[in-house]
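Chains, contacts and geometry: an overview
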Amino acid sequence: MQNAEIVLEALRKLGGNGRPLERVYRQLYNENLYLAAYAKLYRNDGALTKGTLDETIDGMNLKRIRNIIEEMMYERFRFTPARRMWIDKKNGKKRPLGIPNFKDKLVQEVIRGILEAYYEPQFSDNSHGFRPNRGCHTALSQIRQQFKGIAWYIEGDIAGCFDNIDHTILMEILSRNIHDNRLLNLIEQGLKAGVVEDWKYHQTYSGTPQGGILSPLLANIYLNELDKFVETELLPKWNRGELRKRNPLIRNYEYRIRKAKERQDLDEVHRLIKERRQHPYMDTDDPDYRRLKYVRYADDFILGFAGSQAEAAEIKDTIGQFLKQHLNLTLSEEKTLITQARKDRALFLGYNISTLQSNTKLYNDAPSDKIRYKRRSINGSTRLGVPYGLVQEKAKRFMERGKPIHRVELLQRTVAEIISQYQTEFRGVVEYYKYAEDVHVLGSLKYVMEQSLTKTLAHKLKLTVSKVYRKYKTTVVSSQ
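These figures come from a predicted structure and were not determined experimentally.

What counts as what
- Residues numbered from 1 in each chain as written.
- Predicted model: local features only at pLDDT ≥ 70, side-chain atom pairs only at ≥ 80, totals over all residues.
- Heavy atoms only, no water.
- Helix = DSSP H or I, 4+ residues; strand = E, 2+ residues; numbered from the N terminus.
- Buried < 20%, exposed > 50% of the residue type's maximum accessible area, 1.4 Å probe, protein only.
- Areas by Shrake-Rupley, 256 points an atom, 1.4 Å probe, with all protein chains shown as cover.
- Expected span 1.5 Å × (residues − 1).
- Arc of directions from axis to C-beta.
- Contact = heavy atoms within 4.5 Å.
- Pairing = 2+ DSSP bridges.
- Axes fitted to C-alpha atoms, helices over the stretch in contact; angles between N-to-C directions.
- Phe/Tyr/Trp six-rings, centres within 6.5 Å; stacked < 30°, edge-to-face > 60°.
- Lys NZ or Arg CZ within 6 Å of the ring centre and 35° of its normal.
- Parallel < 35°, antiparallel > 145°, perpendicular 65-115°, else oblique.
- Left-handed = near helix turned anticlockwise from the far one by under 90°.
- Nonpolar A, V, L, I, M, F, W, Y, C, P; charged D, E, K, R; others polar.

Quick word on the overall build of the chain
- Looking only at helices and strands, one finds 16 helices and 17 strands in the chain.
- Here the C-alpha coordinates of the chain stretch approximately 95 × 65 × 40 Å along the principal axes.
- Taking all 480 residues of the chain together, 45% fall into the buried category.
- Working note: accessible area of the chain is about 26700 Å², and carbon and sulfur atoms make up 49% of it.

Considerations on helix α10 (residues 248-262)
- When the terminal C-alpha atoms of α10 are compared, their 22 Å separation across 15 residues agrees well with the 21 Å that a helix rising 1.5 Å per residue should span.
- Within α10, the full set of buried residues consists of Ile 250, Tyr 253, Ile 257 and Ala 260. The buried residues of α10 occupy an angular sector of 85 degrees when projected down its axis, which confines them to one face. In α10, those exposed residues whose orientation departs by more than 90 degrees from the buried face are Pro 248 and Glu 262.
- Next to the buried residues of α10 lie α11 (266-276).

Let's talk about the sheet that holds strand β8 (residues 291-297)
- Strand order in this open sheet of four strands is β8-β9-β4-β10, and the pairing throughout is antiparallel. Only two strands of the sheet have a single partner each, and these edge strands are β8 and β10 (337-340). Strand-to-strand, the axes of this sheet are offset by a mean angle of 20 degrees, without reference to chain direction.
- Examined bridge by bridge, strand β4 (residues 152-157) and β10 share four bridges and lie antiparallel to one another. From the neighbouring strand, Tyr 153 faces β10, where its bridge partner is Thr 339.

Remarks on the environment of Arg 244
- Looking at where Arg 244 falls in the secondary structure, it is placed in the loop between α9 (215-238) and α10.
- For Arg 244, a relative accessible area of 21% gives the class partly exposed.
- Through-space distance from the C-alpha of Arg 244 to that of Glu 31 is 60 Å; in sequence the pair is 213 residues apart.

As for the sheet that holds strand β11 (residues 346-348)
- Read across the open sheet, the three strands follow the order β11-β12-β15; overall the sheet is antiparallel. The open sheet is flanked by β11 and β15 (382-385), the only strands paired with a single partner. Between one strand axis and the next, the sheet turns by 30 degrees as a mean value, whatever way the strands run.
- Where β11 and strand β12 (residues 351-355) come together, three bridges link them in antiparallel fashion. Of the residues in β12, the one forming a bridge with Leu 347 is Asn 352.
- Along the sheet, helix α5 (residues 136-146) contacts β11, β12 and β15; its crossing angle with β15, the most-contacted strand, is approximately 145 degrees.

Comments concerning the pairing of strand β9 (residues 300-306)
- In terms of burial, β9 is a largely internal element, six of the seven residues being buried.
- As paired strands, β4 and β9 are joined by six bridges and run antiparallel to one another. Of the residues in β9, the one forming a bridge with Gly 156 is Phe 301.
- Bridge analysis of β8 against β9 gives seven bridges, and the strand direction is antiparallel. Paired with Leu 292 across the two strands is Phe 305, which belongs to β9.
- Taken together, β8 and the strand that follows it, β9, pair antiparallel across an intervening segment of two residues, in which Ala 298 is found at a positive phi of about 55 degrees.

Some thoughts on the packing of aromatic side chains
- In total, this model carries 15 aromatic pairs according to the counting rule given.
- Relative to Tyr 432, the ring of Tyr 351 lies with its centre 5.7 Å away and its plane at 55 degrees, an arrangement referred to as tilted. Taken together, the positions of Tyr 351 in strand β12 and Tyr 432 in helix α14 (residues 415-432) put the pair 81 residues apart, joining distant regions of the chain.
- Among the residues examined, Tyr 351 registers a relative accessible area of 0% and is labelled buried.
- An angle of 40 degrees between the planes, with centres 5.9 Å apart, marks the rings of Phe 398 and Tyr 422 as tilted. Separated by 24 residues along the polypeptide, Phe 398 in the loop between α13 (390-395) and β16 (399-400) and Tyr 422 in helix α14 bring together distant segments of the chain. Considered together, Phe 398 and Tyr 422 belong to a single accessibility category, that of buried residues.
- Directly above the ring of Tyr 422 sits Arg 407, whose terminal nitrogen or CZ lies 5.1 Å from the centroid.

Some thoughts on the packing of helix α7 (residues 167-177) against helix α8 (residues 181-191)
- Running from amino to carboxyl end, α7 crosses α8 at an angle of 160 degrees, the nearest separation of the two axes being 11 Å. Accordingly, the angle class assigned to the pair α7 and α8 is roughly antiparallel. In the crossing of α7 with α8, the sense of the turn from one axis to the other is right-handed. For the pair α7 and α8, contact is made by His 167, Leu 170, Met 171, Leu 174 and Ser 175 and by Leu 184, Ile 187, Glu 188 and Leu 191, respectively.
- Looking at the contact of α7 with α8 residue by residue, the class counts come to six nonpolar, two polar and one charged.

Some remarks on unusual backbone geometry
- Backbone geometry at Leu 349 places phi at a positive 55 degrees, although glycine is not the residue there.
- Residue placement: Leu 349 occurs in the loop between β11 and β12.
- Relative accessible area serves as the criterion here: at 15%, Leu 349 is assigned to the buried category.
- Non-glycine residue Arg 401 carries a positive phi angle of around 55 degrees.

Digging into the packing of helix α15 (residues 443-461) against helix α16 (residues 465-472)
- The N-to-C vectors of α15 and α16 enclose an angle of 100 degrees; their axes lie 9 Å apart at closest approach. On the basis of their axis angle, the class for α15 and α16 is roughly perpendicular. Contacts between α15 and α16 involve Glu 450, Gln 451, Thr 454, Lys 455, Leu 457, Ala 458 and Leu 461 on the former and, on the latter, Val 465, Val 468, Tyr 469 and Tyr 472.
- Among the residues forming the contact of α15 with α16, the class breakdown is seven nonpolar, two polar and two charged.

Written as structure tokens, this is what we have:
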């Protein structure tokens, strides 16, 4: 019986070389793969959450694994319906969450490991959601580095993506690379296993179950078709020209500045240089120059385009048509927006994204007496920022009637646990927004949380707020 890592490494090489998967179903007989899957699942909070059957990870042993393997060998294994519950969304709506039975979770994790090892080398570098060593920050880092000189942002959101994935199309995509009908049948059976809600069974005809371990990977395999379309069709079409033509106005100013220097009229030189900075150095309407950039995270994507608004709208429509015709998905009209990059802000992964524009921020790469080398320093760079209203939204849970309040639900905890809870919550927000150029605005959130913390401790210890400060406040000196 092969070691799990050896098996997965062999699958990675097959995927990297573009070779199909054949006779892979027999890997579901490998105990080591189930043990590796168990090692990933047992730490999860939901490991002890029941599905529709009275079983959890509790009491897991080799006998249970061997029973599953025996069912696989004789093709008797069947996925059971998941228990559906509804959880709140930020916009006040609810979304469904399926809770599979533990045996199904274990098998899904084994299949996920196999498929991830094979497909991961084939996925696009522009895709960041639900992938190892990738996440929101890698997507944002790519935007900050690559989206330079962008005029328009196209914010893409697929309406109900996970709920509307077409099973027929998904199975056709999988069958291109997986030449093993037994594994394909098992995956399809899992997709159609259905859900139980209020003790009523509901058949699933489309979508990947939200909450299913395999669902994010299957969604990435499905949306990889969009990535390939953008990279093979749109990017080659809309990336052209090595460099924009120079703005004719700049040539005119250079001529006038040169003449003023010859006359030694320094006041006129300074005036013309300052006036020149109000105009772009390159021709922003150059028809021979276009740039298009693309990043996707799960079902959200963003494109940065240097060109006209009409062309940006054409790109948006082209993507919408591809999704409808080839993946049977629809762009959300409410959330798919075209945003002017310098005057407005796009919202992606909780960040405000814009293109910087300032004619007064300058740098000088020559001695101070050579004023002709002073240039605008930030124009065209990408700015990542904290969204408007985020601080006020985060502060709501710590306030009442406009003032910080204590948190009753924490009063039964120890002082150390209460302090740690506040620190963890604030650190999580700051860590997520560490790429924001205006991360300092979170200082007001820190103030509110600090006041709430001291009032919580004051209620617990029956002290005044000032006494709490005197007892627990300290200064940390860090060396640099």
